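# Summary of structural features
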Amino acid sequence: MRLEIDALSDEPPFEQVRRQVAEGAASGSFPPGHKLPTVRALAEALDLATNTVAKAYRALEVDGVIETRGRAGTFVASRTTADGATEAAAQAFVLEARRQGLSKDEAVRLVDTHWA
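Residues numbered from 1 in each chain as written. Predicted model: local features only at pLDDT ≥ 70, side-chain atom pairs only at ≥ 80, totals over all residues. Heavy atoms only, no water.

As annotated in an unreviewed UniProt entry, the protein chain is GntR family transcriptional regulator from Aeromicrobium fastidiosum.

Right, here's the structure in full:
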């Protein structure tokens, strides 16, 4: 697991950790079931306070990106949707974007502007 903290960034360190783990899970770099380091081990590796990493892990758990399995550790969660609603919404968005003549890059930019 390779995360990097940019001390000069305007983005807070906990958010850098949260974002990088979420991006790794979304891209498959950290596949479902991938065991994450303990809060203490990751904090030490990144030279951060344990509370900083704990805050990132809590946010990731709330978002469903990771799951804690007690003493077994923390793992990347499976990202399935039970009813397929998200899949259907994504398909509808792509169809509408194509109908309006948007390129893939334009559609992605549009999603990015609304992601926050």
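There's plenty left to go through after this.
### Thoughts on the domain arrangement of the protein chain
For interface size, the figure often reported is the accessible area lost on association. If you check the domain split of the protein chain, you get domain 1 (13-76) and domain 2 (84-114). Relative placement of domain 1 and domain 2: their C-alpha centres are 29 Å apart. (Domains from an automatic or database assignment.)

### Quick look at the side chain of Gln20
The residue Gln20 is located in helix α1 (residues 13-27) in this model. The buried category is assigned to Gln20, whose relative accessible area is 15%. In this structure the side chain of Gln20 is engaged in a polar contact, spanning 2.6 Å, whose partner is the backbone oxygen of Glu4. Residues within four places of Gln20 in sequence aside, it is in contact with Arg2, Leu3, Glu4 and Phe30. (Helix = DSSP H or I, 4+ residues; strand = E, 2+ residues; numbered from the N terminus. Buried < 20%, exposed > 50% of the residue type's maximum accessible area, 1.4 Å probe, protein only. Polar contact = N/O pair within 3.5 Å; in protein donor to acceptor, adjacent residues only side chain to side chain. Contact = heavy atoms within 4.5 Å.)

### Brief notes about the environment of Pro37
Structurally, Pro37 can be placed in the loop between β1 (35-36) and α2 (39-46). Between the alpha carbons of Pro37 and Thr74 there is a distance of 7.4 Å; along the sequence they are 37 residues apart.

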